[in-house]
Amino acid sequence: MRRLKNIWVFADKASSLAELCAGGRQLGENVAAVVLGGEETARQAIEQGADQVYWLGLKAEDKMLEDYTRTIAGLLEKHRPELFLLNAGRRTKVVAGRLAALFATSAITDAMQFVIGENGDLQIARLVYGGLAIRLEKPLSAMAIATVGNGVFKAAADGSNRQGTVTEVPWVEDGCRLKLLERRARDTEPVDLAAAARVVGVGRGIGKEEGLAMVYALARQLKAEVACTRPLAEGEKWMSPERYIGVSGTMIKPDMYLALGISGQIQHMTGVNKARVIIAVNKDINAPIFEQSDYGLVGDLYKIIPALLKSRL
Ligand SMILES: Cc1cc2nc3c(=O)[nH]c(=O)nc-3n(C[C@H](O)[C@H](O)[C@H](O)COP(=O)(O)OP(=O)(O)OC[C@H]3O[C@@H](n4cnc5c(N)ncnc54)[C@H](O)[C@@H]3O)c2cc1C
């Protein structure tokens with residue numbers, strides 16, 4: 001595959017930065033990372049694949065991620081990479097949007113694949129129509145800005161002997177009209193589903209929030225992470241949004257995905273179709289998920305989960 005000359009990356013999570021640095025290496029000859037974090041993170045970005053690091057220092061307590069947009073824009077203006085990749089987080093998408101506005105270009109969100117033509121022109125694939133189709137989009141300008149979901153690229157294994165440069169970059173007054181007034185801790189625990197080897201996913205079939213206790217117990221027994229469908233996170237709010245899988249959530253590629261009470265709609269299955277083995281439990285023998293599973297158990301999950309727990313897998 002042809003490669004671009006210059007790719008820049010930025011992420012607000014260490015695991016995403018590692019994936020984007022590795023992705024940048026696949027797609028480009030030179031990779032520069034903009035790092036907001038400790039000195040150690042800047043050094044790690046080189047091990048993960050960056051040739052140059054532009055280090056913004058630790059994120060200031062009184063600033064939001066968006067407040068770094070002009071600082072990043074100054075760097076992009078000077079170096080003009082062909083592609084600037086950000087992880088597809090809530091705040092990084094805002095940064096991507098603001099940058100796109102500043103450079104009068106498009107921000108292509110949730111990119112899945114990058115296609116570089118013979119003459120070096122770039123097209124970016126992303127899902128449309130709720131996951132029913134893939135569309136190839138052409139960036140509007142010579143510098144493309146795209147956000148990439150977890151798991152699209154795989155972090156590099158070991159780059160401890162890589163060399164690169166670290167340049168400190170001072171913060172530039174931003175003029176962002178949103179102001180940070182107060183911070184409150186969120187009632188969620190961090191989870192990295194994209195990196196999990198085993199995932200137990202639960203859907204509306206669970207019926208009531210109390211049912212989740214046995215799902216967590218089963219996941220503990222299987223040494224698996226717990227995930228869910230979007231209605232459980234966005235509708236019922238029984239789980240944090242970080243835990244839902246699918247076209248608008250996280251994409252996973254575990255060795256095993258156990259789906260409990262999930263019908264198997266395309267928007268969910270798009271996020272799990274890279275799993276090595278899919279096992280489904282559903283009381284409806286005609287549930288679409290059985291067509292996409294390697295193993296299926298037809299039955300009530302309130303009977304099957306306790307039986308699995310008893311069997312001490
Ligand atoms: C633009 C758009 C984006 C979307 N993005 C996402 C996304 O990223 N991720 C996502 O998950 N969804 C997404 N959705 C929603 C998606 O279309 C489905 O509505 C959703 O995935 C269905 O969730 P579910 O399988 O939990 O619920 P349901 O479809 O209601 O299925 C519940 C299943 O549980 C089974 N069941 C019921 N009781 C039991 C029991 N006691 N034992 C065993 N089985 C039982 C039923 O037979 C049924 O098959 C999106 C939708 C749109 C329009």
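Here the structure is a predicted model, which is why all the values come from computation and not from measurement.

Novice: Got a minute to help me understand the site of the ligand in this structure?
Specialist: In the neighbourhood of the ligand, 24 residues make up the surrounding shell, with Arg204, Thr229, Ser248, Ser263 and Asn282 lying closest. Arg204 places a main-chain nitrogen or oxygen 2.7 Å from an oxygen atom of the ligand. Within the backbone of Gly249, a nitrogen or oxygen atom sits 3.5 Å from an oxygen atom of the ligand. For the ligand, whose free accessible area comes to 1000 Å², the fraction covered by protein is 76%. With respect to the pocket detection grid, the ligand is positioned in the second largest pocket. A per-class count over the shell around the ligand returns six nonpolar, 13 polar and five charged.

Novice: Please clarify how the environment of Leu218 should be interpreted in this entry.
Specialist: Looking at the secondary structure, you find Leu218 in helix α5 (residues 212-222). Along the primary structure Leu218 and Gly203 are separated by 15 residues, whereas in three dimensions their C-alpha atoms are 15 Å apart. Each residue touching Leu218, except ones within four places of it in the same chain, is listed here: Leu258, Leu260, Ile305, Leu308 and Leu309.

Novice: Explain the packing of helix α3 (residues 69-79) against helix α4 (residues 90-102) to me, please; I cannot follow it from the model alone.
Specialist: Packed helices, taken two at a time, are described by the angle between their axes plus the distance between the axes. Between α3 and α4, the least distance of the axes is 10 Å, while the angle of their chain directions is 50°. By the angle class used here, α3 and α4 are oblique. As for the relative orientation of α3 and α4, their crossing is right-handed in sense. In this structure, α3 contributes Thr69, Arg70, Ile72, Ala73 and Leu76 to the contact, and α4 contributes Val95, Arg98, Leu99 and Leu102.

Thresholds, definitions, all that
- Residues numbered from 1 in each chain as written.
- Predicted model: local features only at pLDDT ≥ 70, side-chain atom pairs only at ≥ 80, totals over all residues.
- Heavy atoms only, no water.
- Near = heavy atom within 4 Å.
- Polar contact = N/O pair within 3.5 Å; in protein donor to acceptor, adjacent residues only side chain to side chain.
- Areas by Shrake-Rupley, 256 points an atom, 1.4 Å probe, with all protein chains shown as cover.
- 1 Å grid on protein atoms, 1.4 Å probe; cavity = no way out; pocket = protein on both sides within 12 Å on 5 of 7 lines; lining within 4 Å.
- Sits in = over half its atoms within 2 Å of the grid points.
- Nonpolar A, V, L, I, M, F, W, Y, C, P; charged D, E, K, R; others polar.
- Helix = DSSP H or I, 4+ residues; strand = E, 2+ residues; numbered from the N terminus.
- Contact = heavy atoms within 4.5 Å.
- Axes fitted to C-alpha atoms, helices over the stretch in contact; angles between N-to-C directions.
- Parallel < 35°, antiparallel > 145°, perpendicular 65-115°, else oblique.
- Left-handed = near helix turned anticlockwise from the far one by under 90°.

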